[in-house]
Amino acid sequence: MPVDQYVHFALSSLHTSAADMAAVLGLEPDEIMVRGSRIPGPRPIPAAHRWKIVCREPGLCVDEQIARVLERLAPHT
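Cut-offs and rules
- Residues numbered from 1 in each chain as written.
- Predicted model: local features only at pLDDT ≥ 70, side-chain atom pairs only at ≥ 80, totals over all residues.
- Heavy atoms only, no water.
- Helix = DSSP H or I, 4+ residues; strand = E, 2+ residues; numbered from the N terminus.
- Contact = heavy atoms within 4.5 Å.
- Polar contact = N/O pair within 3.5 Å; in protein donor to acceptor, adjacent residues only side chain to side chain.
- Buried < 20%, exposed > 50% of the residue type's maximum accessible area, 1.4 Å probe, protein only.
- Arc of directions from axis to C-beta.
- Pairing = 2+ DSSP bridges.
- Axes fitted to C-alpha atoms, helices over the stretch in contact; angles between N-to-C directions.
- Phe/Tyr/Trp six-rings, centres within 6.5 Å; stacked < 30°, edge-to-face > 60°.
- Lys NZ or Arg CZ within 6 Å of the ring centre and 35° of its normal.

Within the element layout of this structure, Arg72 appears in helix H2 (residues 62-73). Residues Arg72 and Val54 lie 18 residues apart in sequence; the distance between their C-alpha atoms is 9.9 Å. Sequence-distant contacts of Arg72, defined by excluding residues within four places in its chain, comprise Leu27, Glu28, Asp30, Ile53 and Val54. Among the polar contacts made by the side chain of Arg72, one reaches the side chain of Asp30 at a distance of 2.7 Å.

This is the structure in structure tokens:
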């Protein structure tokens, strides 16, 4: 049975935008979410800003995906 898995590191905030997080960190995210309404609808709007680094490379085991994410974060710690 094929398994789809991925690893991510995310920061969330009610007040700081993903763009501001990127500016402070000096690292552009792979994915962002922009804070909006909590009212459910056909497509819910996130309740918080989110900044994410993601590894979705197929064929890697979880520890390899974690290593890829940490390699990208290490110069910015």
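From this point on, the discussion continues.
Three or more residues of helix H1 (residues 18-25) are buried, namely Ala18, Met21 and Ala22. Across the axial projection of H1, the buried residues extend over an arc of 100°, all falling on one side. With respect to the buried face of H1, the exposed residues turned more than 90 degrees away are Ala19, Ala23 and Val24. Looking at the buried positions of H1, the neighbouring elements they touch are strand S1 (7-13), strand S2 (31-33) and strand S3 (49-55).

Here we take up the sheet that holds S1. One open sheet holds the three strands; their spatial order is S1-S3-S2, and the pairing between them is antiparallel. Because the sheet does not close on itself, it has two edges, and the strands there are S1 and S2. Mean inter-strand twist for the sheet, computed between neighbouring axes without regard to direction, equals 15°. For S2 and S3, the ladder comprises three bridges, and the chain directions are antiparallel. By the bridge assignment for S3, Glu31 is matched with Lys52. Lying over the sheet, H1 contacts S1, S2 and S3, oriented at roughly 60° with respect to S3. Against the sheet, H2 makes contact with S1 and S3, and its axis sits at roughly 120° relative to S3, the strand it touches most.

Note that Ser13 resides in strand S1. At 3.0 Å, the side chain of Ser13 forms a polar contact with the backbone nitrogen of His15. Excluding anything up to four places from it in sequence, Ser13 contacts Met21, Ala48 and His49.

In the structure shown here, the tally under the stated rule is one aromatic pair. For the pair Phe9 and Trp51, a centre-to-centre distance of 6.5 Å together with 85° between the ring planes defines the contact as edge-to-face. Residue Phe9 is found in strand S1, and its partner Trp51 is found in strand S3; the two are separated by 42 residues along the sequence. For Trp51, a relative accessible area of 0% translates into the label buried. Lying over the aromatic face of Tyr6, Arg56 brings its terminal NZ or CZ to 4.1 Å of the ring centre.

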